[in-house]
Amino acid sequence: MSTTAEAVPAKEQVAAALERIFGFKNFRPGQEEVVRAIMTGQDTLAVMPTGGGKSLCYQLPACLLPGTCIVVSPLIALMKDQVDAARSNGIRASFLNSSLSAGERNSVERDLVDGKLDLLYISPERFAIDAFTENLRQCSISFAAIDEAHCICAWGHDFRPDYLLLSSLKRKLPRIPVAAFTASANRTMRQDIVRQLVLHEPFLYCGSFNRENLFYEVEPKEDAERQILSFVEKYKGEPGIVYRMTREGVENTTEFLQREGISALPYHAGLDDAARSANQEAFSRDKADVVVATIAFGMGIDKSNIRYVVHGDLPRSLENYYQETGRAGRDGDPAHCFLLFNRGDLPRLHYFIDRMENEEIARQHRIALADMAAFAAQYICRRRTLLAHFGEILPGDNCGGCDVCTGSSETVDITREAQILLSAVFRTGERFGMNHVINVVRGADTRQIRSCGHHTIKTYGAGRDLPKRRWREIFEALLAEELCTVTVDAYPVVKLTKKALTVLFGDRTVSILQRTVPVRAVTAARYGGASNQLFEQLRTLRRQLAEERGVPPYVIFSDRTLHDMTGRLPSTPGAMLEVAGVGAVKLEQYGKRFLEVVLRYIDEHPDVVAERRSAPAGAVSPAAARKKRPGNSALETGKLAAQGLSLEKIAGERGCTRGTIVTHLETLFSHGHDYPIGQFIDEKLRDIIAGHFSRLGTTALRPVVEAAQGEFGYEEARLVRAWLQRQHGEGA
Ligand code: ADP
Ligand code: ZN
């Protein structure tokens, strides 16, 4: 183990290794800082969103440091794939777990002692074996990496009792640095990880939870299976997950999709182990497009090219939603998260909560569910709402990646409809659920209406002209305006609020913000049509190679690498090395085969090739393409900024708030405009803020503002962050 600064390779050497081993030119956010901390022998906790590239954070130092890095990973089933993936980059990796025979185990242990391993994956229960830890003491160990470290939190959703064994790690092997990794956004969990693993003054990296490549969309649920089918058909041939709440829902939806010609497989806890792992395997090896699953499906899924996640029913919390949607697009390419929402899902979810023994826990679940429902029901930027839930503030005013921000909308007056509905709630005695009330206004003939005599009330049938779906939307709007509420229990009942009276008496109008243009799907026109053909050919080759070697396709190359190939059309091994994700070892192993396919394509399509060559190489980054160009208003602000005006002056001159001006400046900085920061903010304060960003190793605002303890606020932090990013040349 090396802890002296001199022994740490220079920045350039680390960058060279990144390119040579992994074929990447740049680090993802946070990777460089985390790698550096590990290289200097510091304990580390890295919180990065799914797809953030955590494995590289320990694999790269493992290759550069002398000795073996021990990786603790919760899922035995995944270890082989992880090891295959590392080996395909030329990393000397092995694993030790109960699936090995005694002979295999011995041989791995011998390699460990002989110093022939960069990486050794093990399961946590190995630490219960004293002989094993004793053995480790005799070997040269560079550091220990704990994957999915939140599994150590006893009250968390992914708790694994054997992770508690890791608490003894520091005691048994005191000189070995520990680097913990998690994608859990929860702050108490992070504290728990540091405490349980006994990390010593750890370097903390906490990345932004914004998944820029994910597009969020919510649609009112009418006929779930039909809606799912038409969504899935848009992505035919691409991998996706469809979540349903119950086993029955999974079975029915799978059969429905299969009948409609979709290659779908089920996954739920009711299937036996063999069937479950066969289905997961088929999905992970690109042999089935869709997995329809309950939430039992997830942790073990390491597939990076999942293009969409559909929720056919409401998830129980925003944490669940974030985690489940987070499985899409780990390769960084665009992916689509599609949620079907109907308040009718709530009673069933409440039913489970009501059976919980611990009332306090049940209460927390109710709150979490209400937050989830509000997210789906309200017409507010999905990304902003989601991030705000995790304490992160999204800069700018349009995320450009959700149905709300990309759809256009108009305000429609619904006062008359609101009066009909609220009046029906009142006249039925505030004792019924939304469905019944809607049935009343639509003049339906149900047993409940007849038995309660509700066909005789004044508003019965008054809303016959509008479909049920429309009434539900109106209902959601009334809830959002707090004109009524729904009780929180197994049989939710609609109640009026005081505000409702002002509407009923005609003293107040109600309006609804309504989508007028269907959302633009992000993934449409993602890549040119011509390259799609090449992409398919490359994908076929990848599948062949994967089958020959018995590994999942993504171990060979990620989708993103294949897309980059279609963009660059490399015709020599040297050019192949330029492709993102092609390192020296992969070039040697697969380069020739992929080159052949590209060369054949070039041969057959001289026209396409000429055209592409004249365009800039490489696929357009979707985030960059989406990045909002400065609008007229921002440019106006830019003119005043260029005259050297202060923030207050610009705000005054333009009649905007400081916040709006800061938003403009963020956009301007990110598009390469530059102004001396001193005109907006005191330089001393700037240094303090910049210091916090660098010390915390983050670009997220909240930790920085919290660390400031009132010294400055979000506006100042946003401004300095935008300016810093401009100075680092991150603007376009
Ligand atoms: P996590 O474990 O954080 O969910 P992974 O380690 O599986 O994420 O990485 C997700 C994907 O990102 C992988 O396909 C990986 O090859 C890719 N990746 C990681 N680091 C980089 C990088 N610096 N540049 C490009 N791609 C990267
Ligand atoms: Zn948005």
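Note that the coordinates shown come from a computational prediction; the quantities given were computed from them, not determined experimentally. (Residues numbered from 1 in each chain as written. Chains lettered and ligands numbered in written order. Predicted model: local features only at pLDDT ≥ 70, side-chain atom pairs only at ≥ 80, totals over all residues. Heavy atoms only, no water.)

Peer 1: Hey, could you go over the site of ligand 1 for me, with residue numbers and the actual values?
Peer 2: In the neighbourhood of ligand 1, 14 residues make up the surrounding shell, with Asn26, Gly51, Lys54, Ser55 and Arg330 lying closest. One of the side-chain nitrogen or oxygen atoms of Arg28 is found 3.0 Å away from an oxygen atom of ligand 1. Measuring from an oxygen atom of ligand 1, one finds a backbone N or O atom of Gly53 at 3.1 Å. Protein burial of ligand 1: of its 570 Å² of free accessible surface, 80% is covered by the chains. With 3 residues, the top contributor of residues to the shell around ligand 1 is helix H3 (residues 54–64). (Near = heavy atom within 4 Å. Polar contact = N/O pair within 3.5 Å; in protein donor to acceptor, adjacent residues only side chain to side chain. Areas by Shrake-Rupley, 256 points an atom, 1.4 Å probe, with all protein chains shown as cover. Helix = DSSP H or I, 4+ residues; strand = E, 2+ residues; numbered from the N terminus.)

Peer 1: So what's going on with the coordination of the zinc ion (ligand 2)? Which residues, and what values?
Peer 2: Taken together, the protein donors to the zinc ion (ligand 2) comprise Cys381 (SG), Cys399 (SG), Cys402 (SG) and Cys405 (SG), at separations of 2.3 to 2.4 Å. Coordination geometry of the zinc ion (ligand 2): the 4 donor atoms subtend angles of 103 to 116° at the metal centre, consistent with an arrangement described as tetrahedral. Donor residues for the zinc ion (ligand 2), ordered by position in the chain, follow C-x17-C-x2-C-x2-C. A residue pair is termed long-range when its members are at least 10 positions apart, and Cys381 in the loop between helix H14 (359–377) and helix H15 (382–389) and Cys399 in the loop between H15 and helix H16 (403–406) qualify at 18 residues. (Donors = N, O, S within 2.8 Å, 3.2 Å for Na, K, Ca; no water. Tetrahedral: all angles 85-135°; square planar, octahedral: opposite > 155°, others 65-115°.)

Peer 1: Report on the nonpolar core, specifying residues and quantitative values.
Peer 2: Leu60, Leu119 and Ile146 are the most contacted members of the largest nonpolar core, which has 112 residues in total. It is H14 that contributes the most residues to this core, 6 residues altogether. With residues up to four places along the chain from it excluded, the contact list for Leu60 reads Val14, Ala17, Leu18, Ile21, Phe22, Phe27 and Val35. If you look at the next biggest cluster of nonpolar residues, it comprises 31 residues, including Leu647, Leu668, Ile677 and Val720. (Core = buried A, V, L, I, M, F, W, Y, C linked by side-chain atoms within 4.5 Å. Buried < 20%, exposed > 50% of the residue type's maximum accessible area, 1.4 Å probe, protein only. Contact = heavy atoms within 4.5 Å.)

Peer 1: Tell me about the packing of aromatic side chains, and name the residues and values.
Peer 2: A full pass over the atoms with the stated rule returns 19 aromatic pairs. Through pairs of rings, three or more aromatic residues link up here, namely Phe231, Tyr235, Tyr308 and Phe338. When the ring centre of Phe283 is taken as origin, the NZ or CZ atom of Lys303, which lies over that ring, is 5.1 Å away. (Phe/Tyr/Trp six-rings, centres within 6.5 Å; stacked < 30°, edge-to-face > 60°. Lys NZ or Arg CZ within 6 Å of the ring centre and 35° of its normal.)

Peer 1: Describe helix H10 (residues 247–259), naming the residues involved and giving the relevant values.
Peer 2: Along an α-helix, a turn takes 3.6 residues, which lines up residues three or four apart on a common side. Compared with the 18 Å implied by 1.5 Å per residue over 13 residues, the 18 Å span of H10 between its first and last C-alpha is a close match. Here H10 has its buried residues at Gly249, Val250, Thr253, Thr254, Phe256 and Leu257. Buried residues of H10, seen end-on, are gathered within an arc of 165° and therefore sit on one face of the element. Opposite the buried face of H10, at more than 90 degrees from it, the exposed residues are Glu248 and Arg259. Buried residues in H10 make contact with helix H9 (224–234), strand S10 (264–267) and strand S11 (290–293). Where H10 ends, the next residue or the one after it, Gly261, has phi of about 85°, a positive value. (Expected span 1.5 Å × (residues − 1). Arc of directions from axis to C-beta.)

Peer 1: Before we move on, could you go through the sheet that holds strand S7 (residues 203–206) and cite the residues and values that matter?
Peer 2: Read across the open sheet, the 7 strands follow the order S3-S4-S2-S5-S6-S1-S7; overall the sheet is parallel. Edge positions in the sheet fall to strand S3 (93–96) and S7, since each has one partner strand and no second. The mean inter-strand angle of the sheet, taken between neighbouring strand axes irrespective of direction, is 15°. Direction of pairing for S3 relative to strand S4 (residues 119–122): parallel, over a ladder of 4 bridges. Bridge pairing in S4 links Ser94 to Leu120. This element, helix H4 (residues 76–88), spans S3 and S4 of the sheet and lies at about 165° to S3. (Pairing = 2+ DSSP bridges. Axes fitted to C-alpha atoms, helices over the stretch in contact; angles between N-to-C directions.)

Peer 1: So what's going on with the domain arrangement of the protein chain? Which residues, and what values?
Peer 2: One can read the domain layout of the protein chain as domain 1 (5–206), domain 2 (214–407), domain 3 (410–515), domain 4 (525–605) and domain 5 (620–732). A separation of 29 Å is found between the C-alpha centroids of domain 2 and domain 3. Opposite the 16 residues of domain 2 that make contact, domain 3 presents 13 residues. Overall, the association of domain 2 and domain 3 removes approximately 1300 Å² of surface from exposure, summing both partners, and the carbon and sulfur fraction of that is 56%. By the criterion of area lost to domain 3, the three top residues of domain 2 are Glu222, Arg343 and Tyr379, representing 41% of everything that side buries. Put simply, domain 2 and domain 3 have 2 salt bridges between them. A salt bridge links Glu222 to Arg472, with the nearest nitrogen and oxygen atoms 3.5 Å apart. At the boundary of domain 2 and domain 3, one finds 1 residue pair in polar contact (both at pLDDT 80 or more). Mapped by element, the contributors of at least two residues to the side of domain 2 that touches domain 3 are strand S8 (214–220), helix H13 (346–354) and H14. When the residues that make up the side of domain 2 that touches domain 3 are grouped by side-chain class, the tally is 6 nonpolar, 3 polar and 7 charged. (Domains from an automatic or database assignment. Buried area = accessible area lost by both parts, 1.4 Å probe. Salt bridge = Lys/Arg side-chain N within 4 Å of Asp/Glu carboxyl O. Nonpolar A, V, L, I, M, F, W, Y, C, P; charged D, E, K, R; others polar.)

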